[in-house]
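Residues per chain, in single letters:
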Amino acid sequence: DLASLTEVWTGGADCPEAIRAAFEAKFGLPVLATYGLSEAPTVVAIDPVEGPHVAGASGLPLPHLAVRIVDDTGAEVAAGETGEVCVAPADDRYRLMLGYWERPEATAETLAGGVLHTGDIGFLDGDGYLNLRDRKSLVIIRGGANVYPAEVERVLQAWPEVVASAVLGVPDERLGQRVVALVQPAPGASIDADALRAHCLENLARYKVPERFVPVEAFPTNAMGKIVRAELPGLL
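Residues numbered from 1 in each chain as written. Predicted model: local features only at pLDDT ≥ 70, side-chain atom pairs only at ≥ 80, totals over all residues. Heavy atoms only, no water.

Visitor: Any details on unusual backbone geometry? Residues and values, ideally.
Guide: Backbone torsion omega between Pro41 and Thr42 reads -10°, so that peptide bond is classified as cis. With respect to the helices and strands, Thr42 occurs in the loop between strand S2 (31-36) and strand S3 (43-46). Between Gly51 and Pro52 the backbone carries a cis peptide bond, its omega angle lying at 0°. Within the element layout of this structure, Pro52 appears in the loop between S3 and strand S4 (60-61). One non-glycine residue with positive phi stands out, namely Glu102, at about 55°. As for its position among the elements, Glu102 is in the loop between strand S6 (83-89) and helix H2 (104-110). (Helix = DSSP H or I, 4+ residues; strand = E, 2+ residues; numbered from the N terminus.)

This is the structure in structure tokens:
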């Protein structure tokens, strides 16, 4: 009996829009998005309870925080432009973390300039909604162009025969990196690489389309069920 259920929230990882739609169709409630990290702490942006939810976005920054998007030089970029998500208190009633325990160098880097450098890549749209693309450390640079694994993974997981996926870059002498996808087939299914490639070409720029699709039986995961990316090269 879910009669008392009034709000449903998601966080910790990207939630496909298809899952949001399926949940709302079955239970009559929208799934509201959030974004946060322990260093902030904790929630940075949330969907307004009364809506709207913007597809692909993680809500609006909370009023006690100032969220900026900066380029590699630390300069703030315009709305709609992609860069690193940085968080600072909006006034002196709130503060960020004190630092990482016994890690002064990491603390100095993360809190450089008195703001929290999250290591996440994203943008603020014209209405102020925060859109995340991926971790800065995971970005694949193919021939000088940025490829965000999370964007490619969303497309892969819209394919009915794929239950989970992970995209990574592999070294290449000419391009720097090439895009490779590890894909876990749904139970009883097999991966048709040609069909999956055609699906990707319909939904991604050509340079973002994986050049190899490597089937895996299962992904290594941590206690929270997230894929342990450090172990992915061993699956190739």
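Still to come is the rest of the account.
Visitor: Account for the side chain of Asp125, naming residues and giving values.
Guide: Relative to the assigned elements, Asp125 resides in the loop between strand S7 (116-124) and strand S8 (130-135). With no salt bridge to any partner, buried Asp125 finds its closest opposite charge in Arg133, at an N-O distance of 9.5 Å. A polar side-chain atom of Asp125 sits 2.9 Å from the main-chain amide nitrogen of Tyr129. If we ignore the near neighbours within four places in the chain, the residues touching Asp125 are Val54, Ala79, Gly80 and Asn131. (Buried < 20%, exposed > 50% of the residue type's maximum accessible area, 1.4 Å probe, protein only. Lys, Arg positive; Asp, Glu negative; His and termini not counted. Salt bridge = Lys/Arg side-chain N within 4 Å of Asp/Glu carboxyl O. Polar contact = N/O pair within 3.5 Å; in protein donor to acceptor, adjacent residues only side chain to side chain. Contact = heavy atoms within 4.5 Å.)

Visitor: Just give me the short version of helix H3 (residues 149-156), but keep the residues and values in it.
Guide: Within H3, seven of the eight residues are buried, which leaves it mostly tucked inside the rest of the structure. Among all positions in H3, only Pro149, Ala150, Glu151, Val152, Glu153, Val155 and Leu156 are buried.

Visitor: Lay out a nonpolar patch on the surface with the relevant residues and their values.
Guide: On the surface, a cluster of nonpolar side chains totalling about 250 Å² of accessible area is made up of Leu2, Leu5 and Phe27. Structurally, Phe27 can be placed in helix H1 (residues 17-27). (Patch = residues over 30% accessible without salt bridge, like charges linked within 9 Å, V, L, I, M, F, W, Y side chains within 5 Å. Areas by Shrake-Rupley, 256 points an atom, 1.4 Å probe, with all protein chains shown as cover.)

Visitor: Give me the lowdown on the pairing of S8, citing residues and values where you can.
Guide: As defined by bridge partners, S7 adjoins S8 across five bridges and the pair is classed as antiparallel. Note that in S8 the partner of Asp120 across the bridge is Arg135. (Pairing = 2+ DSSP bridges.)

Visitor: Please provide a residue-by-residue account of the sheet that holds strand S11 (residues 162-172), values included.
Guide: Across the sheet, which stays open at both edges, the three strands sit in the order S11-S12-S13 with mixed pairing between neighbours. For this open sheet the edge positions go to S11 and strand S13 (212-215), each flanked by a neighbour on one side alone. Mean inter-strand twist for the sheet, computed between neighbouring axes without regard to direction, equals 30°. Relative to strand S12 (residues 176-185), S11 is paired through 10 bridges, and the arrangement is antiparallel. Looking at the pairing, Leu168 lines up with Val180 of S12. Taken strand by strand, H3 contacts S11, S12 and S13, and its axis lies near 140° from that of S11. Against the sheet, helix H4 (residues 193-203) engages S11, S12 and S13, with an angle of about 130° to S13. (Axes fitted to C-alpha atoms, helices over the stretch in contact; angles between N-to-C directions.)

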